[in-house]
Amino acid sequence: MLLIHCPHCAEALPEVEFTYAGEAHIVRPARPAEASDEAWRDFLFIRANPRGPHFERWRHTHGCARYFNAVRDTVTDRFLTTYPAGSPKPDLAALKEGQS
Ligand SMILES: [Zn+2]
């Protein structure tokens, strides 16, 4: 069973309690009415979809109901870390070192 660590509840819980909520760190244009069509398209639809570590938003739907961010390896489906939404991106090099 895949366990996901909720940074708000401070415990690892079964994945069925959580909901994936898309890519993390997507920045909304400061002035949407002034954004170009390409900038608005990129904000709405263009995602990284990487092979390897991916920054994701998750929600602890059946627990505290709060959103948080995670770094999950899309190849191994292993969570490298989770952290509160609004926090800066963690250093991937340090996370990869901790994996081995
Ligand atoms: Zn929680």
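Look up a bit, the structure's there.
One numbering rule holds for all chains: residues counted from 1, following each sequence as written. It should be noted that, the model being predicted, local features are given only for residues of pLDDT at least 70 and side-chain atom pairs only at 80 or more, the latter also being counted only at that level, while totals for whole chains, interfaces and linings use all residues. Side-chain numbers here rest on the full set of heavy atoms in the structure, without hydrogens or water.

Put simply, a salt bridge is a Lys or Arg side-chain nitrogen that is within 4 Å of an Asp or Glu carboxyl oxygen. A complete count under the given rule lists 3 salt bridges for this structure. The salt bridge involving D77 is made with R72; its shortest N-O contact spans 2.8 Å. Any residue under 20% of the maximum accessible area for its type is buried, any over 50% is exposed, and the rest in between are partly exposed; the area is computed with a 1.4 Å probe on protein chains only. The exposure class assigned to R72 is buried, which follows from its relative accessible area of 16%. In this structure, a network of salt bridges that share partners links the residues E56, R72 and D77.

Glancing now at the nonpolar core. Joining through side-chain atoms within 4.5 Å is the link that ties buried Ala, Val, Leu, Ile, Met, Phe, Trp, Tyr and Cys residues into a set, and such a set is a nonpolar core. The biggest cluster of nonpolar side chains holds 8 residues, and these are I4, C6, L13, F18, W58, F68, A70 and F79. Secondary structure elements are defined from DSSP: runs of H or I of at least 4 residues count as helices, runs of E of at least 2 residues count as strands, and each element is numbered from the N terminus. Listed by contribution, the elements that provide at least two residues to this core are β1 (3–6) and β5 (67–73). Two residues qualify as a contact provided that any one of their heavy atoms is within 4.5 Å of a heavy atom in the partner residue. In contact with A70, not counting residues within four places along its chain, are H54, F55, E56, W58, F79, T81, T82 and Y83. Counting 6 residues, the second-largest nonpolar core is a separate cluster that includes A24, F55, Y83 and L95.

Read across the sheet, 4 strands follow the order β3-β4-β5-β6 without closing on themselves; strand pairing throughout is antiparallel. Either end of the sheet is taken by a strand with one partner, and the two such strands are β3 (19–23) and β6 (79–84). Pairwise comparison of adjacent strand axes, ignoring direction, gives a mean angle of 30° for this sheet. For two strands to pair, DSSP has to find at least two bridges joining them. With 5 bridges joining them, β5 and β6 adopt antiparallel strand pairing. Directly across from F68, in β6, lies its bridge partner P84. To get an axis, fit a line to the C-alpha atoms, keeping to the stretch in contact for a helix; angles then go from 0 to 180 degrees between the N-to-C directions.

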